[in-house]
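# Observations on the three-dimensional arrangement
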Amino acid sequence: MGVHPAEILRRAVGGAQLLAGVQLASRVLTFALNVALARTMSDPSALGVAAVQLYLLDTLVLTLAREGVRRTGLRVAEEGTKGHLGASRDLLNLAWWGVGAGLV
């Protein structure tokens with residue numbers, strides 16, 4: 001009737017291995033691109049300034065996206081008058097704002 005616990009464990013381990021592999025590949029690619037960029041730049045200090053500015057921008061966008069979703073979730077939980085479907089739609093619409101802000 002249900003899924004066997006061994007099958008659930010097998011899928012979970014497979015998912016964890018895939019996640020670890022993608023994370024490793026992402027970090028190796030980032031490292032290789034950073035090394036290639038640092039070798040071709042005439043002024044390496046510009047790389048440091050750009051990296052710090054991009055990190056701050058990334059942190060700001062992620063914080064704003066998370067905070068909006070968190071506050072909407074709290075507000076929807078408190079109101080409770082809209083119904084489940086309307087609350088889910090509001091939360092989903094707000095979550096897409098974070099994606100749009102990240103692309104900009």
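## Points about the overall build of the protein chain
- Per the secondary structure count, the protein chain includes three helices and zero strands.
- Starting at the N terminus and ending at the C terminus, the protein chain contains elements arranged as α-α-α.
- For the protein chain, the residues scored as buried account for 6% of the 104 residues in total.
- Of the roughly 8900 Å² of accessible surface on the protein chain, 69% is carried by carbon and sulfur atoms.

## Section: the pattern of salt bridges
- Throughout the structure, instances matching the rule amount to two salt bridges.
- Across the pair R10 and E7 runs a salt bridge whose closest N-O atoms are separated by 2.7 Å. Remark: E7 and R10 occur in helix α1 (residues 5-40); sequence separation between them is three residues, near one turn of the helix.
- Of the residues examined, R10 reaches a relative accessible area of 53% and is grouped as exposed.
- For E7, a relative accessible area of 25% translates into the label partly exposed.
- Note that E7 is salt-bridged to R11, the shortest N-O span being 3.1 Å.

## Structural notes on a nonpolar patch on the surface
- Among the surface-exposed residues, L54, L57, L60 and L64 lie close enough to one another that they form a single nonpolar patch of about 420 Å² accessible area.
- With respect to the helices and strands, L64 occurs in helix α2 (residues 44-79).

## Digging into the confidence of the model for the protein chain
- Looking at the protein chain as a whole, the pLDDT averages 79, with 81% of positions reaching at least 70.
- Mean pLDDT values over the elements of the protein chain span from 68, in helix α3 (residues 84-103), up to 91, in α1.

Definitions and cut-offs
- Residues numbered from 1 in each chain as written.
- Predicted model: local features only at pLDDT ≥ 70, side-chain atom pairs only at ≥ 80, totals over all residues.
- Heavy atoms only, no water.
- Helix = DSSP H or I, 4+ residues; strand = E, 2+ residues; numbered from the N terminus.
- Buried < 20%, exposed > 50% of the residue type's maximum accessible area, 1.4 Å probe, protein only.
- Areas by Shrake-Rupley, 256 points an atom, 1.4 Å probe, with all protein chains shown as cover.
- Salt bridge = Lys/Arg side-chain N within 4 Å of Asp/Glu carboxyl O.
- Patch = residues over 30% accessible without salt bridge, like charges linked within 9 Å, V, L, I, M, F, W, Y side chains within 5 Å.
- pLDDT = per-residue confidence, 0-100.

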